[in-house]
Amino acid sequence: MARSAPTFICQSCGSVYTRWQGKCDACGAWNSIVEEGATAPVAGAAGPAARRRGRTFTLESLKGESAEPPRLPTGIDELDRVTGGGFVRGSVVLIGGDPGIGKSTLLIQACAALARQGHRVAYISGEEAVAQVRLRAERLGLADAPVELAAETNVEDIITTLGRGAPPRLTVIDSIQTMWTGAIESAPGTVTQVRGSAQNLIRFAKTTGAALILVGHVTKDGQIAGPRVVEHMVDAVVSFEGESGHHFRVLRAVKNRFGPTDEIGVFEMTGRGLSEVANPSALFLAGRDVGAAGTAVLAAIEGTRPLLVEVQALVAPSTLGTPRRAVVGFDSNRLSMILAVLDAHGGVKLAQHDVYLNVAGGLKIGEPAADLAAAAALVSSLSGQAIAADTVFFGEIGLSGSIRPVTQAPSRAKEAAKLGFARAVAPAMPRDAADAGLSVEALSHIGELVAQIASG
Ligand code: TYD
Ligand code: MG
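Under an unreviewed UniProt entry, the name given to the protein is DNA repair protein RadA, and the organism recorded is Chelatococcus reniformis. Looking at the Sequence similarities (unreviewed entry) heading of the UniProt record, one finds this comment for the protein: "Belongs to the RecA family. RadA subfamily."

This is the structure in structure tokens:
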């Protein structure tokens, strides 16, 4: 085969160019475009002579097939919750996350759990030697689990090895960036190699019915191909997040063809690996600064699960022409909106103040129900009046200053009551929410919140 013209590929988004340029037009990354060999034809794709006629099915004819895909629950509840009840056979999951966050640790624990149930499980490491993986397993108390380990980076070799005997029920590839296929000339880690290797491994999973997990490192610089190019090829994308200063980790489904995408799993990194956190609210509220102004507890919902978190605000007179607005774990557009509504309808003037908003513990909160807690924390910080420690907040703020109802009020109230809170400041609620054991202070307008906090 004649070598075709060189191809230039952006290592962060996978866009293809015919010549080199300094900036990727598609994703805006600088210096991310690298020359790679032309993409080889997909191995196994037949030429015109070998064309076969495909088959189609009617939806109706598939009626007898089981509605629930066959799943492999690991028994690690926080993990199974995120995947939607266990890994689906023949499906491919991409787990992304910063280096050192605990991906390998979580996956070796999942492998051991499934292997102990009697499934054939293979863990292929392209980053660590077998002895290192075994040492880690030993440290986690999993050394006796019958997981097949291999240190291998060539996809063809891996598929040949796995193809021996009954195919494994679960295969973990750690990580996809270290894999390479002989069918492609590019160096390992480039977009073309990552995509080509993933394609081959995914085909293996689909034909054997093995569940496949691909680990992908997310790096900020463009040197290692971001696993983004693989995202559309897999059935589920899960991200493993955490703040470096905190022990807990949050597993979150970003895309899931076989389950919900709003569930989270909470883990804590301990000396013996990741342990499940069954009661995340208690963890997120630990170390709360009770009695300090500028904090409010939010009763949030993550997926189907209520979660209490502390929202912290700091407002201080600004010396800048344009005052600072900084958020951590909160949407900056929502903060701007809350500030505007507080100004227009609550008489709270913050135009000359720097405003900082932080969701304690490193959690990211996206739901509108957090508005009321954020507003309460802001007003509390400005007035210097601390909010009673036994009060939780939830509710959406409308542009007119109205406090609007939010979903799942009863579960929010119940969770708060369970953790010892006595009072909820929230929009008017149905009766059953009020029965949770909390006294509910129903607000209908932002002005009422401001008046209430100012009066202490
Ligand atoms: P690792 O799973 O190797 O991260 P990743 O695969 O995402 O790069 O986890 C590495 C970190 O986890 C490392 O900094 C040490 C820590 N760790 C513990 O705190 N306890 C443990 O039992 C293990 C195995 C790791
Ligand atoms: Mg690792």
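Continuing now.
Chemist: Which residues make up the sheet that holds strand S2 (residues 16–17), and what are the values?
Modeler: Read across the open sheet, the 3 strands follow the order S2-S1-S3; overall the sheet is antiparallel. The sheet terminates laterally at S2 and strand S3 (33–36), the two strands that pair on one side only.

Chemist: Requested: an account of the UniProt feature "binding site: ATP" (unreviewed entry) in the protein, with residues and values cited.
Modeler: UniProt's entry tags Gly-97, Asp-98, Pro-99, Gly-100, Ile-101, Gly-102, Lys-103 and Ser-104 with the feature "binding site: ATP" (unreviewed entry), counted in the numbering of this structure. As for its placement among the helices and strands, Gly-102 is situated in the loop between strand S6 (92–97) and helix H2 (103–116). Excluding residues within four positions of it along the chain, Gly-102 makes contact with Phe-240, Arg-249, Met-269 and Leu-274.

Chemist: Which residues make up the packing of helix H8 (residues 332–346) against helix H9 (residues 371–383), and what values do they have?
Modeler: One way to put it is that H8 packs onto H9 with a least axis distance of 10 Å and a crossing angle of 60°. As summarised for this structure, H8 and H9 are arranged oblique, according to the angle between their axes. Considering the relative orientation of H8 and H9, their crossing is right-handed. On the side of H8, the interface is formed by Arg-334, Leu-335, Ile-338 and Leu-342, while H9 contributes Asp-371, Ala-374, Ala-375 and Leu-378. Tallied by class, the residues present in the contact of H8 with H9 amount to 6 nonpolar, no polar and 2 charged.

Chemist: Give a detailed account of unusual backbone geometry, specifying residues and quantitative values.
Modeler: Ser-175 follows Asp-174 through a cis peptide bond whose omega is 0°. Residue position: Ser-175 is located in the loop between strand S9 (170–174) and helix H5 (191–208). Notably, Asn-31 is not glycine yet its phi reads approximately 55°, a positive angle. Within the secondary structure layout, Asn-31 lies in the loop between S2 and S3. Taking the number of C-beta atoms within 10 Å as the measure of exposure, Asn-31 has 13 and is therefore partly exposed. Here the phi dihedral of Gln-408 falls at roughly 55°; this positive angle occurs in a residue that is not glycine. A tally of 18 C-beta atoms within 10 Å means that Gln-408 is categorised as partly exposed.

Chemist: Could you give an account of helix H4 (residues 155–163), naming the residues involved and the relevant values?
Modeler: Buried residues of H4: Val-155, Ile-158 and Leu-162, and no others. Down the axis, H4 shows its buried residues gathered within 60° of arc, on one side only. In H4, the exposed residues that point more than 90 degrees away from the buried face are Thr-160 and Gly-163. Where H4 is buried, its residues touch strand S7 (121–125), S9 and H5. Positive backbone phi, approximately 75°, marks Gly-165, located one or two places after H4.

Chemist: Please give an account of H2 that cites residues and values.
Modeler: Here H2 contains 14 residues, and its C-alpha end-to-end distance of 20 Å stays within 8% of the 20 Å for a straight helix at 1.5 Å per residue. Directly after H2, the chain includes Gly-118, whose backbone phi takes a positive value near 100°.

Chemist: Lay out the pairing of strand S17 (residues 325–328) with the relevant residues and their values.
Modeler: Bridge count for S17 against strand S18 (residues 353–359) is 4 bridges, and the pairing is parallel. Counterpart to Val-327 in the pairing with S18 is Leu-357. With H8 bridging S17 and the parallel S18, this β-α-β connection has left-handed handedness.

Chemist: Residue-level account of the sheet that holds strand S19 (residues 391–393), with values.
Modeler: In space, the 7 strands of this open sheet follow the order S17-S18-S16-S15-S19-S22-S23, with mixed pairing throughout. The strands lining the two open edges of the sheet, one partner per strand, are S17 and strand S23 (439–443). Strand-to-strand twist across the sheet, computed as the mean angle between neighbouring axes with direction ignored, equals 25°. Across the face of the sheet, H8 comes into contact with S17 and S18 while running at roughly 130° to S17. Most of the contacts of H9 go to strand S16 (residues 305–317), to which it runs at about 35°, and overall it touches strand S15 (295–302), S16, S18, S19 and strand S22 (423–427).

Chemist: How would you summarise the site of ligand 1 if you had to cite specific residues and measurements?
Modeler: Around ligand 1, the surrounding shell holds 15 residues, and the nearest of these are Gly-102, Lys-103, Ser-104, Thr-105 and Gly-273. The set of elements that each furnish at least two residues to the shell around ligand 1 consists of H2 and helix H3 (130–139). It is H2 that provides the largest number of residues to the shell around ligand 1, a total of 3 residues. In terms of residue class, the shell around ligand 1 is made up of 4 nonpolar, 7 polar and 4 charged.

Chemist: Describe the environment of Asn-154, listing the residues and the values that go with them.
Modeler: Relative to the helices and strands, Asn-154 is located in the loop between strand S8 (148–151) and H4. The class for Asn-154 is partly exposed, based on 16 C-beta atoms found within 10 Å. Taking the C-alpha atoms as reference, Asn-154 lies 61 Å from Ile-446; in sequence the two are 292 residues apart. Not counting residues up to four positions away in its chain, the partners in contact with Asn-154 are Trp-180 and Gly-182.

The rules behind the values
- Here the residue numbers are simple positions, counted from 1 along each chain's written sequence.
- Written order determines the labels here, with chains lettered from A and ligands numbered from 1.
- pLDDT decides what is reported in this predicted model: residues at 70 or higher carry local features, side-chain atom pairs at 80 or more are listed and counted, and totals for whole chains, interfaces and linings draw on all residues regardless.
- UniProt positions are given in the numbering used here, feature names are shortened, and annotations may be inferred rather than shown by experiment.
- Strands qualify as paired when DSSP identifies two bridges or more between them.
- Here a strand is any run of E in DSSP of at least two residues, a helix any run of H or I of at least four, and the numbering for each starts at the N terminus.
- Once C-beta atoms have been placed from the backbone, residue pairs whose C-beta atoms lie within 7 Å are recorded as contacts.
- The axes used here are C-alpha line fits, helices contributing only the stretch in contact, and every angle between their N-to-C directions lies in the interval 0 to 180 degrees.
- Angular relationships are summarised with four words: roughly parallel below 35 degrees, roughly antiparallel beyond 145, roughly perpendicular across 65 to 115, and oblique for the angles in between.
- Crossing handedness: left-handed means the near helix sits turned counterclockwise from the far one by under a right angle, and right-handed means the same turn made clockwise.
- Polarity classes work like this: nonpolar for Ala, Val, Leu, Ile, Met, Phe, Trp, Tyr, Cys and Pro, charged for Asp, Glu, Lys and Arg, and polar for all others, with Gly in that last group.
- Any residue surrounded by 20 or more other C-beta atoms within 10 Å of its C-beta is treated as buried, while 12 or fewer makes it exposed and the intermediate range makes it partly exposed; C-beta atoms here are placed from the backbone.
- The arc in question is the one spanned by the directions pointing from the helix axis to the C-beta atoms.
- Here the expected span of a helix is defined as 1.5 Å times the quantity of residues minus one.
- Whether a crossover is right-handed depends on one test, that the path from the first strand over the helix to the second runs clockwise when the strands point away from the viewer.
- What makes a residue near a molecule or strand is its C-beta atom, placed from the backbone, lying within 6 Å of it.

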